[in-house]
Amino acid sequence: MKKKVILDCDPGHDDAMALLMAIASEKIDLQAVTTSAGNQLPEKTFNNARKLLSLVRREDIPVAMGASRPLLRELIIADDVHGESGLDGAELPSPQIDVLMTSANDLMADILRNSDEKVTFVVTGPMTNMAIFLLSHPELKEKIEAISYMGGACFGGNITPQAEFNIYVDPEAAEVVVKSGLPVHMFGLDVTLKAQLFEEDVKEIGTINNPVAQVMAGLLNFFGRTTTQPFMASENHVEGIHMHDPCAMAYIIDPTMFTTLKKHVDIDTSNSISAGSTIVDYDEVLVGDKNVNVGFDINLPRFRELVLDTMNYFTK
Ligand code: RIB
Ligand code: CA
(Lines give C-alpha, C1' and ligand atoms only; values in the text may rest on other atoms or scores of the structure.)
(Ligands and ions follow the chains in the order given, each with its own letter.)
Protein backbone atom coordinates (compact mmCIF):
# COMPACT_ATOMS: atom_id res chain seq x y z
CA MET A 1 0.00 0.00 0.00
CA LYS A 2 1.48 3.34 -1.02
CA LYS A 3 1.90 5.95 1.72
CA LYS A 4 0.31 9.31 1.00
CA VAL A 5 2.98 11.98 1.50
CA ILE A 6 3.16 15.77 1.47
CA LEU A 7 6.72 17.08 1.06
CA ASP A 8 7.43 20.48 2.60
CA CYS A 9 10.84 21.58 1.38
CA ASP A 10 13.20 24.44 0.54
CA PRO A 11 14.91 23.23 -2.67
CA GLY A 12 17.84 23.15 -2.24
CA HIS A 13 20.06 20.43 -3.69
CA ASP A 14 19.38 17.73 -1.12
CA ASP A 15 15.68 18.64 -1.04
CA ALA A 16 15.68 17.94 -4.78
CA MET A 17 16.98 14.41 -4.21
CA ALA A 18 14.31 13.82 -1.54
CA LEU A 19 11.64 14.94 -4.03
CA LEU A 20 12.97 12.69 -6.79
CA MET A 21 13.06 9.75 -4.37
CA ALA A 22 9.37 10.31 -3.60
CA ILE A 23 8.46 10.49 -7.29
CA ALA A 24 10.40 7.33 -8.12
CA SER A 25 9.35 5.20 -5.16
CA GLU A 26 6.60 2.62 -5.48
CA LYS A 27 6.04 3.08 -1.75
CA ILE A 28 5.09 6.77 -1.98
CA ASP A 29 2.00 8.54 -3.34
CA LEU A 30 3.19 12.15 -3.40
CA GLN A 31 0.08 14.28 -2.84
CA ALA A 32 1.65 17.75 -2.93
CA VAL A 33 4.80 19.78 -2.55
CA THR A 34 4.80 22.86 -0.33
CA THR A 35 7.75 25.17 -0.10
CA SER A 36 9.43 26.99 2.76
CA ALA A 37 11.87 29.86 3.06
CA GLY A 38 15.27 28.55 4.07
CA ASN A 39 17.94 27.63 1.58
CA GLN A 40 16.80 30.55 -0.49
CA LEU A 41 14.06 33.21 -0.50
CA PRO A 42 10.49 31.85 -0.64
CA GLU A 43 9.90 32.78 -4.29
CA LYS A 44 13.07 30.94 -5.32
CA THR A 45 12.41 27.72 -3.42
CA PHE A 46 8.84 27.79 -4.77
CA ASN A 47 9.98 28.16 -8.37
CA ASN A 48 12.66 25.53 -7.84
CA ALA A 49 10.01 23.03 -6.73
CA ARG A 50 7.93 23.85 -9.82
CA LYS A 51 10.99 23.47 -12.07
CA LEU A 52 11.80 20.07 -10.53
CA LEU A 53 8.26 18.80 -11.11
CA SER A 54 8.44 20.05 -14.70
CA LEU A 55 11.78 18.27 -15.10
CA VAL A 56 10.16 14.95 -14.11
CA ARG A 57 6.95 15.80 -16.01
CA ARG A 58 4.82 15.54 -12.89
CA GLU A 59 3.06 18.88 -13.17
CA ASP A 60 -0.04 17.03 -11.97
CA ILE A 61 1.36 17.27 -8.42
CA PRO A 62 0.20 20.56 -6.85
CA VAL A 63 2.83 22.96 -5.49
CA ALA A 64 2.06 25.80 -3.09
CA MET A 65 4.25 28.41 -1.45
CA GLY A 66 4.28 28.58 2.32
CA ALA A 67 5.24 31.25 4.79
CA SER A 68 7.66 33.91 3.58
CA ARG A 69 9.59 33.95 6.87
CA PRO A 70 9.96 32.14 10.22
CA LEU A 71 7.24 32.46 12.88
CA LEU A 72 9.08 35.05 14.95
CA ARG A 73 12.63 35.46 13.72
CA GLU A 74 14.17 37.14 10.68
CA LEU A 75 14.83 34.80 7.76
CA ILE A 76 18.38 33.68 7.12
CA ILE A 77 19.17 31.79 3.92
CA ALA A 78 21.91 29.33 2.86
CA ASP A 79 22.90 30.85 -0.47
CA ASP A 80 26.53 30.08 0.39
CA VAL A 81 25.65 26.38 0.12
CA HIS A 82 22.88 26.29 -2.50
CA GLY A 83 23.82 29.30 -4.61
CA GLU A 84 21.99 32.34 -5.96
CA SER A 85 19.14 30.29 -7.45
CA GLY A 86 18.98 27.78 -4.62
CA LEU A 87 19.72 25.06 -7.18
CA ASP A 88 22.98 26.23 -8.73
CA GLY A 89 24.97 23.75 -10.81
CA ALA A 90 22.41 22.73 -13.42
CA GLU A 91 19.89 24.21 -15.83
CA LEU A 92 16.29 23.26 -15.06
CA PRO A 93 13.29 23.68 -17.36
CA SER A 94 10.99 26.64 -16.82
CA PRO A 95 7.83 25.55 -14.99
CA GLN A 96 5.06 24.71 -17.47
CA ILE A 97 2.12 25.11 -15.14
CA ASP A 98 0.31 28.15 -13.81
CA VAL A 99 0.88 29.12 -10.21
CA LEU A 100 -1.71 27.70 -7.85
CA MET A 101 -3.38 30.60 -6.01
CA THR A 102 -3.54 28.39 -2.93
CA SER A 103 -1.35 28.78 0.13
CA ALA A 104 0.61 25.83 1.45
CA ASN A 105 -1.60 25.82 4.56
CA ASP A 106 -4.81 25.62 2.52
CA LEU A 107 -3.39 22.97 0.20
CA MET A 108 -2.32 20.83 3.15
CA ALA A 109 -5.78 21.20 4.73
CA ASP A 110 -7.62 20.39 1.47
CA ILE A 111 -5.58 17.20 0.98
CA LEU A 112 -6.10 15.96 4.52
CA ARG A 113 -9.82 16.77 4.51
CA ASN A 114 -10.34 14.85 1.29
CA SER A 115 -8.09 11.89 2.06
CA ASP A 116 -9.57 8.59 3.24
CA GLU A 117 -6.17 7.58 4.60
CA LYS A 118 -3.80 9.34 6.94
CA VAL A 119 -1.08 11.45 5.33
CA THR A 120 2.64 11.54 6.22
CA PHE A 121 4.48 14.87 6.18
CA VAL A 122 8.12 14.88 5.16
CA VAL A 123 9.73 18.21 6.08
CA THR A 124 13.18 19.02 4.74
CA GLY A 125 13.49 22.72 5.45
CA PRO A 126 12.65 25.05 8.35
CA MET A 127 9.41 23.77 9.91
CA THR A 128 7.45 27.03 9.69
CA ASN A 129 4.70 25.66 7.40
CA MET A 130 4.32 22.48 9.43
CA ALA A 131 3.94 24.50 12.64
CA ILE A 132 1.42 26.89 11.09
CA PHE A 133 -0.63 23.95 9.85
CA LEU A 134 -0.63 22.22 13.26
CA LEU A 135 -1.63 25.46 15.00
CA SER A 136 -4.32 26.44 12.49
CA HIS A 137 -5.87 23.01 11.90
CA PRO A 138 -5.93 21.05 15.18
CA GLU A 139 -9.03 19.29 13.85
CA LEU A 140 -6.92 17.66 11.13
CA LYS A 141 -4.15 16.29 13.40
CA GLU A 142 -5.94 12.94 13.45
CA LYS A 143 -5.40 12.70 9.67
CA ILE A 144 -1.59 12.89 10.10
CA GLU A 145 0.23 9.54 10.06
CA ALA A 146 3.61 10.95 11.07
CA ILE A 147 6.05 13.80 10.54
CA SER A 148 9.51 12.84 9.26
CA TYR A 149 11.91 15.76 9.26
CA MET A 150 15.51 16.56 8.51
CA GLY A 151 16.82 18.86 11.19
CA GLY A 152 18.70 19.25 14.41
CA ALA A 153 21.41 17.11 15.92
CA CYS A 154 21.94 15.21 19.14
CA PHE A 155 25.56 16.19 18.96
CA GLY A 156 26.89 19.24 17.11
CA GLY A 157 25.63 21.71 14.57
CA ASN A 158 26.38 23.23 11.18
CA ILE A 159 25.17 26.81 11.40
CA THR A 160 26.44 27.25 14.98
CA PRO A 161 28.47 24.77 17.04
CA GLN A 162 25.22 23.50 18.57
CA ALA A 163 22.50 24.17 15.99
CA GLU A 164 21.59 22.74 12.58
CA PHE A 165 20.33 25.14 9.90
CA ASN A 166 16.66 24.04 9.54
CA ILE A 167 16.01 24.28 13.28
CA TYR A 168 18.13 27.40 13.74
CA VAL A 169 16.08 29.28 11.13
CA ASP A 170 12.83 28.64 13.00
CA PRO A 171 13.26 27.11 16.48
CA GLU A 172 9.75 28.10 17.58
CA ALA A 173 8.28 26.14 14.66
CA ALA A 174 10.40 23.11 15.52
CA GLU A 175 9.16 23.29 19.10
CA VAL A 176 5.54 23.13 17.92
CA VAL A 177 6.35 20.01 15.88
CA VAL A 178 8.30 18.06 18.51
CA LYS A 179 5.63 18.86 21.13
CA SER A 180 2.73 17.97 18.78
CA GLY A 181 2.17 14.55 20.32
CA LEU A 182 2.28 13.03 16.82
CA PRO A 183 4.72 10.31 15.70
CA VAL A 184 7.77 12.42 14.85
CA HIS A 185 10.92 11.04 13.19
CA MET A 186 14.04 13.22 13.34
CA PHE A 187 16.96 12.88 10.94
CA GLY A 188 19.58 15.22 12.30
CA LEU A 189 23.25 15.61 11.56
CA ASP A 190 24.07 12.53 13.65
CA VAL A 191 22.79 10.38 10.81
CA THR A 192 22.65 12.73 7.80
CA LEU A 193 26.39 13.42 7.89
CA LYS A 194 26.78 9.67 7.38
CA ALA A 195 24.41 9.65 4.38
CA GLN A 196 27.14 10.33 1.89
CA LEU A 197 27.50 10.04 -1.89
CA PHE A 198 30.99 9.71 -3.28
CA GLU A 199 32.74 10.74 -6.49
CA GLU A 200 32.06 7.36 -8.07
CA ASP A 201 28.34 7.74 -7.32
CA VAL A 202 28.22 11.15 -8.98
CA LYS A 203 30.17 9.83 -11.97
CA GLU A 204 27.78 6.88 -12.29
CA ILE A 205 24.78 9.21 -12.11
CA GLY A 206 26.41 11.27 -14.85
CA THR A 207 26.44 8.21 -17.16
CA ILE A 208 22.71 7.55 -16.74
CA ASN A 209 20.98 8.54 -19.95
CA ASN A 210 18.03 10.61 -18.79
CA PRO A 211 17.62 14.36 -18.23
CA VAL A 212 16.90 13.97 -14.52
CA ALA A 213 20.14 12.13 -13.81
CA GLN A 214 22.08 14.64 -15.91
CA VAL A 215 20.62 17.53 -13.92
CA MET A 216 21.28 15.76 -10.61
CA ALA A 217 24.91 15.08 -11.57
CA GLY A 218 25.37 18.81 -12.11
CA LEU A 219 23.62 19.67 -8.85
CA LEU A 220 25.71 17.16 -6.91
CA ASN A 221 28.95 18.45 -8.36
CA PHE A 222 28.01 21.94 -7.17
CA PHE A 223 26.68 20.78 -3.79
CA GLY A 224 29.75 18.63 -3.19
CA ARG A 225 31.92 21.71 -3.44
CA THR A 226 29.86 23.83 -1.03
CA THR A 227 28.71 21.32 1.57
CA THR A 228 31.79 19.17 2.14
CA GLN A 229 34.08 21.07 4.45
CA PRO A 230 37.80 20.67 3.59
CA PHE A 231 38.67 19.91 7.23
CA MET A 232 36.52 16.79 7.06
CA ALA A 233 38.79 15.10 4.56
CA SER A 234 42.34 13.98 5.21
CA GLU A 235 45.00 11.99 3.37
CA ASN A 236 43.46 8.69 4.41
CA HIS A 237 39.82 9.73 4.61
CA VAL A 238 37.49 10.74 1.76
CA GLU A 239 34.44 12.69 2.95
CA GLY A 240 31.47 12.31 0.65
CA ILE A 241 28.60 14.68 -0.16
CA HIS A 242 26.21 14.96 2.78
CA MET A 243 22.71 14.03 1.62
CA HIS A 244 20.75 15.38 4.55
CA ASP A 245 17.16 15.69 3.32
CA PRO A 246 16.82 12.36 1.49
CA CYS A 247 17.17 10.62 4.89
CA ALA A 248 13.77 11.94 5.97
CA MET A 249 12.19 10.56 2.78
CA ALA A 250 14.21 7.33 2.66
CA TYR A 251 12.92 6.45 6.14
CA ILE A 252 9.34 6.52 4.85
CA ILE A 253 10.37 4.35 1.89
CA ASP A 254 12.38 1.85 3.96
CA PRO A 255 12.60 2.43 7.73
CA THR A 256 14.86 -0.62 8.11
CA MET A 257 17.62 1.39 6.41
CA PHE A 258 18.04 3.39 9.64
CA THR A 259 18.90 2.84 13.28
CA THR A 260 16.65 5.06 15.40
CA LEU A 261 16.05 5.52 19.13
CA LYS A 262 13.08 7.10 20.89
CA LYS A 263 14.38 10.01 22.95
CA HIS A 264 13.10 13.11 24.69
CA VAL A 265 13.74 16.08 22.40
CA ASP A 266 13.25 19.77 23.13
CA ILE A 267 14.29 22.90 21.26
CA ASP A 268 16.35 25.83 22.53
CA THR A 269 14.24 28.89 21.60
CA SER A 270 16.51 31.29 23.50
CA ASN A 271 18.64 33.95 21.91
CA SER A 272 21.81 32.63 23.48
CA ILE A 273 24.82 31.01 21.83
CA SER A 274 22.92 27.70 21.87
CA ALA A 275 19.83 29.16 20.16
CA GLY A 276 18.17 26.71 17.77
CA SER A 277 19.85 23.64 19.21
CA THR A 278 17.91 20.41 19.62
CA ILE A 279 18.26 19.10 23.15
CA VAL A 280 18.20 15.31 22.74
CA ASP A 281 18.18 13.50 26.09
CA TYR A 282 20.45 10.75 24.77
CA ASP A 283 21.43 9.36 28.21
CA GLU A 284 17.84 9.70 29.46
CA VAL A 285 18.80 11.78 32.48
CA LEU A 286 15.51 13.69 32.35
CA VAL A 287 12.09 12.29 33.06
CA GLY A 288 10.60 13.80 29.87
CA ASP A 289 8.50 11.76 27.46
CA LYS A 290 10.32 10.12 24.58
CA ASN A 291 8.51 12.29 22.04
CA VAL A 292 10.80 11.85 19.02
CA ASN A 293 12.21 8.86 17.13
CA VAL A 294 15.79 10.00 16.45
CA GLY A 295 17.98 8.66 13.66
CA PHE A 296 21.55 7.72 14.60
CA ASP A 297 22.81 5.39 11.90
CA ILE A 298 22.19 4.40 8.29
CA ASN A 299 22.83 1.42 6.05
CA LEU A 300 24.90 3.47 3.63
CA PRO A 301 25.19 0.86 0.82
CA ARG A 302 21.40 0.58 0.73
CA PHE A 303 21.03 4.35 0.78
CA ARG A 304 23.42 4.74 -2.15
CA GLU A 305 21.53 1.97 -3.98
CA LEU A 306 18.25 3.82 -3.42
CA VAL A 307 19.79 6.96 -4.90
CA LEU A 308 20.97 5.10 -8.01
CA ASP A 309 17.60 3.34 -8.36
CA THR A 310 15.94 6.74 -8.15
CA MET A 311 18.13 8.13 -10.92
CA ASN A 312 17.55 5.08 -13.14
CA TYR A 313 13.78 5.30 -12.62
CA PHE A 314 13.66 8.27 -14.95
CA THR A 315 15.10 6.34 -17.88
CA LYS A 316 12.02 5.19 -19.75
O1 RIB B 1 21.40 21.40 7.58
C2 RIB B 1 20.98 20.77 6.40
C3 RIB B 1 19.66 21.30 5.98
O4 RIB B 1 19.80 22.67 5.65
C5 RIB B 1 19.12 20.63 4.70
O6 RIB B 1 17.72 20.62 4.74
C7 RIB B 1 19.59 21.54 3.60
O8 RIB B 1 18.70 21.51 2.46
C9 RIB B 1 19.51 22.88 4.27
O10 RIB B 1 18.18 23.32 4.17
CA1 CA C 1 16.41 21.49 2.89
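Residues numbered from 1 in each chain as written. Chains lettered and ligands numbered in written order. Predicted model: local features only at pLDDT ≥ 70, side-chain atom pairs only at ≥ 80, totals over all residues. Heavy atoms only, no water.

- An unreviewed UniProt entry lists the protein chain under the name Ribonucleoside hydrolase 1, with Latilactobacillus fuchuensis DSM 14340 = JCM 11249 given as the organism.

### Quick word on the nonpolar core
Link 1 in the chain: Among the nonpolar cores identified, the biggest contains 68 residues, and L30, M249 and F303 are the most heavily contacted of them.
Link 2 in the chain: Residues in contact with M249, not counting those within four places in the same chain, are V5, L7, A18, M21, A22, I28 and V122.
Link 3 in the chain: Listed in part, the 36 residues of the second largest apolar core include A104, L107, I144 and V178. (Core = buried A, V, L, I, M, F, W, Y, C linked by side-chain atoms within 4.5 Å. Buried < 20%, exposed > 50% of the residue type's maximum accessible area, 1.4 Å probe, protein only. Contact = heavy atoms within 4.5 Å.)

### Points about the pairing of strand β1 (residues 3-9)
Link 1 in the chain: In terms of burial, β1 is largely enclosed, as six of its seven residues are buried.
Link 2 in the chain: Across seven bridges, β1 lies against strand β2 (residues 28-35) in parallel orientation. Each bridged residue has a counterpart across the sheet, and for K4 the counterpart in β2 is D29.
Link 3 in the chain: Regarding topology, helix α1 (residues 13-24) serves as the crossover connection from β1 to the parallel β2, and that connection is right-handed. (Helix = DSSP H or I, 4+ residues; strand = E, 2+ residues; numbered from the N terminus. Pairing = 2+ DSSP bridges. Right-handed = clockwise from strand over helix to strand, strands pointing away.)

### Structural notes on helix α5 (residues 128-136)
Link 1 in the chain: Those residues of α5 that fall on the buried side of the exposure criterion are T128, N129, M130, A131, F133 and L134.
Link 2 in the chain: Of the surrounding secondary structure, the elements contacted by the buried residues of α5 are β1, β2, α4 (104-114), β4 (119-123), β5 (144-150) and α7 (171-178).

### Side note on the state of the cysteines
Formally, a disulfide is one covalent bond, and it connects the sulfur atom of one cysteine to the sulfur atom of another.
Link 1 in the chain: Applying the stated criterion across every chain yields a total of zero disulfides.
Link 2 in the chain: With no disulfide of its own, C9 lies 16 Å from the sulfur of C247, the closest cysteine sulfur. (Disulfide = S-S within 2.5 Å.)

### Remarks on the site of ligand 1
Link 1 in the chain: Surveying the vicinity of ligand 1 reveals 13 residues, the closest of which are D14, N39, N158, E164 and D245.
Link 2 in the chain: For ligand 1, an oxygen atom lies 2.9 Å from a polar atom in the backbone of T124.
Link 3 in the chain: Within the side chain of D245, an N or O atom sits 2.5 Å from an oxygen atom of ligand 1.
Link 4 in the chain: Bound to the protein, ligand 1 loses 96% of the 270 Å² it would expose on its own.
Link 5 in the chain: Among the elements of the structure, α1, α6 (165-169) and α11 (244-253) are those that each provide at least two residues to the shell around ligand 1.
Link 6 in the chain: The residue inventory of the shell around ligand 1, partitioned by class, reads two nonpolar, six polar and five charged. (Near = heavy atom within 4 Å. Polar contact = N/O pair within 3.5 Å; in protein donor to acceptor, adjacent residues only side chain to side chain. Areas by Shrake-Rupley, 256 points an atom, 1.4 Å probe, with all protein chains shown as cover. Nonpolar A, V, L, I, M, F, W, Y, C, P; charged D, E, K, R; others polar.)

### Quick look at unusual backbone geometry
Link 1 in the chain: The phi dihedral of R57 falls on the positive side, at around 55 degrees, and the residue is not glycine.
Link 2 in the chain: Within the secondary structure layout, R57 lies in the loop between α2 (42-55) and β3 (63-65).
Link 3 in the chain: When its relative accessible area of 71% is taken as the criterion, R57 is described as exposed.
Link 4 in the chain: One non-glycine residue, E284, lies in positive phi territory at about 55 degrees.
Link 5 in the chain: Within the fold, E284 resides in the loop between β11 (278-280) and β12 (292-298).

### Details of the environment of P95
Link 1 in the chain: Among the secondary structure elements, P95 is positioned in the loop between α3 (79-82) and α4.
Link 2 in the chain: Along the chain, P95 and N48 lie 47 residues apart, while their C-alpha atoms are 8.6 Å from each other.
Link 3 in the chain: Sequence-distant contacts of P95, that is, excluding residues within four places in its chain, are made with N47, R50, K51 and S54.

### Focus: the packing of aromatic side chains
Link 1 in the chain: Across all of its chains, the model carries seven aromatic pairs by this definition.
Link 2 in the chain: Ring geometry for Y282 and F296: centres 5.2 Å apart, planes at 65 degrees, overall edge-to-face. You can see Y282 sitting in the loop between β11 and β12 and its partner F296 sitting in strand β12, a full 14 residues away along the chain.
Link 3 in the chain: Above the ring of Y282, the side-chain terminus of K263 is found at 5.0 Å from the ring centroid. (Phe/Tyr/Trp six-rings, centres within 6.5 Å; stacked < 30°, edge-to-face > 60°. Lys NZ or Arg CZ within 6 Å of the ring centre and 35° of its normal.)

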